[in-house]
Amino acid sequence: MSENIMPLDGIRVIDFTQVMLGPCATQTLGDFGADVIKIERPGAGDLSRGFYGQRTEEAMNNAVFASLNRNKRSVEIDTKSTEGHQHVLDLVKTADVVVDNFRAGVMDRLGFGYEALSKVNPRIICASGTGFGSTGPYAHKGGQDVLAQAMTGVMEKTQDPSIPKSIYPTTLCDYSAGMHLVQGVLAALLMREKTGRGQKVEVSLYDSMIAMQMQEAAQWSKHGEVLNWAAMPLTGVFDTSDGAIVIVGAFKANPLQDICTALEIEDLSPDYPTLDIQRRNKPYLQKRFREAIAGNTCEHWLQRLEAQDLLCAPVRSLGEALADPQTKINGMLHSIEHPVIGDITLAGSPVHLSEAPVSIRRHPPRLGEHTQEVLQELAALLSHEAAE
């Protein structure tokens, strides 16, 4: 392992982001070693600091904010004041990347759009995450995870037509777009090594959700057919006598036969031999599965299903997943001592580099915790450059 060397050592990121899309991207850059300077509104900061609707120091350093802002430094700057505006421009002179997730046009109105900042620093990379893109009919519409689910076809599909459409309970769109934003920044940094110039990077919640449905989009475009993996006839969630399991009846020569063997029921595959026939008879097939599975425990059925090399798993709570030994072995939990809220455990990075394992170098910052530190560093750097 390369001692104390991280992939993004020496890269400075000016972070205007709030809530999730942007903060999860800049946190990832910080995890990889970048110096992330988070620009926050005086007295308020990132919108996530207001999760509980209170202004106490404990509330403003809540777990939701903490989960997205490790390995960053917080600077309180009034960007609309003359002094604050100049501080940002001076920081950009020393930076490599500027990241925001405002609505389209906000950074331009603040005077921090790519055209303005590239005049200050031609090597700057400006990365923006929006709801729907920077142009088009929805460019200025407020973007949010649930809206992206609704407008891209994600929310429309359900496992069964009888199940009401609902909001996916995890911020799928925000996280996906955030990781796409990281990809764009890393690609732009690599390109800058070749050209010496920065560029603008854009992602949106909308585009990320369209991209995530690449298989579904191709199937619809080619055949006019809705591809819904959750609605496959041999796949489903089934209640046992002490919990629920999920079965994915796929990727085998005759998965229906194997499921019947595991469930100790007669072989239904001769009467339902093809996927089309199984789809038309899904209610009956799943009724037979449910009746059999209800009669024994999760452990019993998982053992029998795995003996047939069928894909299956218990349906667990988040708490159970976090307590699983596999989670610890994979290094997915980091416990830290926060100066305001005390002990807190944060989800780690899913990217594991053998030569640069992710660590928490900085706790999620208190609002404005590093304002004086960063401005003093900036003044010293600008003074040194002026002397040269």
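Before reading on, note that the structure itself is shown above.
What counts and what doesn't
- Residues numbered from 1 in each chain as written.
- Predicted model: local features only at pLDDT ≥ 70, side-chain atom pairs only at ≥ 80, totals over all residues.
- Heavy atoms only, no water.
- Helix = DSSP H or I, 4+ residues; strand = E, 2+ residues; numbered from the N terminus.
- Contact = heavy atoms within 4.5 Å.
- Areas by Shrake-Rupley, 256 points an atom, 1.4 Å probe, with all protein chains shown as cover.
- Lys, Arg positive; Asp, Glu negative; His and termini not counted.
- Charge placed at Lys NZ, Arg CZ, Asp CG, Glu CD.
- Axes fitted to C-alpha atoms, helices over the stretch in contact; angles between N-to-C directions.
- Parallel < 35°, antiparallel > 145°, perpendicular 65-115°, else oblique.
- Nonpolar A, V, L, I, M, F, W, Y, C, P; charged D, E, K, R; others polar.
- Left-handed = near helix turned anticlockwise from the far one by under 90°.
- Pairing = 2+ DSSP bridges.
- Buried < 20%, exposed > 50% of the residue type's maximum accessible area, 1.4 Å probe, protein only.
- Core = buried A, V, L, I, M, F, W, Y, C linked by side-chain atoms within 4.5 Å.
- Arc of directions from axis to C-beta.
- Salt bridge = Lys/Arg side-chain N within 4 Å of Asp/Glu carboxyl O.
- Patch = residues over 30% accessible without salt bridge, like charges linked within 9 Å, V, L, I, M, F, W, Y side chains within 5 Å.

Asks: Explanation requested: the overall build of the protein chain in the structure shown.
Replies: Counting its secondary structure elements, the protein chain contains 17 helices and 11 strands. Expressed as lengths along the three principal axes of its C-alpha atoms, the size of the protein chain is roughly 85 × 45 × 45 Å. Considering only intrachain contacts with a sequence separation of at least 6, the fraction spanning at least 24 residues in the protein chain is 70%. Of the roughly 20200 Å² of accessible surface on the protein chain, 54% is carried by carbon and sulfur atoms. Looking at the protein chain, you have 35 positive and 48 negative side-chain charges, and the mean spots of the two groups are 5 Å apart.

Asks: Would you mind going over the packing of helix α8 (residues 172-195) against helix α9 (residues 205-212) with me for this structure?
Replies: Packed helix pairs are specified by the crossing angle of their axes together with the interaxial distance, meaning the distance between the axes. Orientation of α8 relative to α9, taken along the N-to-C sense of each, is 95°, at an axis distance of 8 Å. By the angle class used here, α8 and α9 are roughly perpendicular. From α8, L172, C173, D174, S176, A177 and H180 reach across to α9, where they touch L205, S208, M209 and M212. Of the residues that constitute the contact of α8 with α9, the class distribution is six nonpolar, three polar and one charged.

Asks: In this structure, what is going on with the packing of helix α11 (residues 255-263) against helix α13 (residues 282-293)? I would like to understand it.
Replies: Contact geometry for α11 and α13: axes closest at 10 Å, N-to-C directions at 25°. Compared by their axis directions, α11 and α13 come out roughly parallel. For the crossing formed where α11 meets α13, the hand is left-handed. Note on element contacts: α13 touches α11 through L285, F289, A292 and I293, opposite L256, I259 and L263. For the contact of α11 with α13, a count of residues per class yields seven nonpolar, no polar and no charged.

Asks: How should the sheet that holds strand β8 (residues 244-248) be read in this particular structure?
Replies: Here we have three strands laid out as an open sheet, ordered β7-β8-β9, and antiparallel in their pairing. A single partner strand is all that each edge strand has here, and the edge strands are β7 (235-239) and β9 (311-314). Averaged over all pairs of adjacent strands, the angle between strand axes in this sheet comes to 20°, irrespective of strand direction. One ladder, built from four bridges, connects β8 with β9; its direction is antiparallel. Paired with V246 across the two strands is A313, which belongs to β9. Contacts from α13 reach β7 and β8, with the element oriented near 35° to β7. Packing against the sheet, helix α14 (residues 298-307) makes contact with β8 and β9, and its axis sits at approximately 15° to β8.

Asks: Help me out: how do you make sense of the environment of A44 in this one?
Replies: Within the fold, A44 resides in the loop between β2 (35-40) and α2 (57-60). Relative accessible area serves as the criterion here: at 11%, A44 is assigned to the buried category. When the C-alpha positions of A44 and G368 are compared, they lie 10.0 Å apart, and in sequence the two are 324 residues distant. Not counting the four nearest positions on each side in its chain, A44 is found in contact with R49, R55, M60 and L367.

Asks: Would you explain the nonpolar core in this entry?
Replies: In summary, soluble globular proteins display a tendency toward joint burial of nonpolar side chains. Ranked by size, the top nonpolar core spans 26 residues in total, and within it V13, V97 and L181 carry the most contacts. When residues of this core are traced back to their parent elements, those giving at least two are α1 (21-31), β4 (97-100), β5 (125-130), α8, β6 (200-204) and α9. The contact partners of L181, leaving out residues within four places of it in the chain, are L21, A25, V99, A127, S128, G129, V201 and V203. Among the nonpolar cores identified, the runner-up in size contains 23 residues, and I39, V98, C126 and V374 belong to it.

Asks: How should I be thinking about α14 in this particular structure?
Replies: Helical geometry note: an α-helix holds 3.6 residues per turn, so side chains three or four residues apart project in the same direction. Along α14, the positions that sit buried rather than exposed are C298, W301, L302 and L305. With its buried residues spanning 100° around the axis, α14 presents them on a single face. Away from its buried face, by an angle of more than 90 degrees, α14 presents the exposed residues E299, Q303 and A307. Where α14 is buried, its residues contact β8, α11, α13 and β9. With its phi angle positive at about 60°, D309 sits one or two positions after the end of α14.

Asks: Just checking my understanding: could you explain the pattern of salt bridges for this structure?
Replies: Any two side chains of opposite charge can pair if their charged atoms end up close together. Overall, the coordinates contain 19 salt bridges when judged by the stated rule. Here K38 ties to D46 by a salt bridge, and the two come within 2.9 Å at their closest N and O atoms. When sorted by exposure, K38 lands in the same class as D46, which is buried. Between R49 and E40 there is a salt bridge; the shortest N-O distance is 2.8 Å. A single burial state applies to R49 and to E40, both of which are buried. By sharing partners, the salt bridges in this structure join R12, D35, R73, E373 and E377 into a single network.

Asks: What is the right way to look at a nonpolar patch on the surface in this model?
Replies: On the surface, a nonpolar cluster with roughly 310 Å² of combined accessible area is contributed by F51, Y52 and V64. With respect to the element layout, V64 can be found in helix α3 (residues 63-66).

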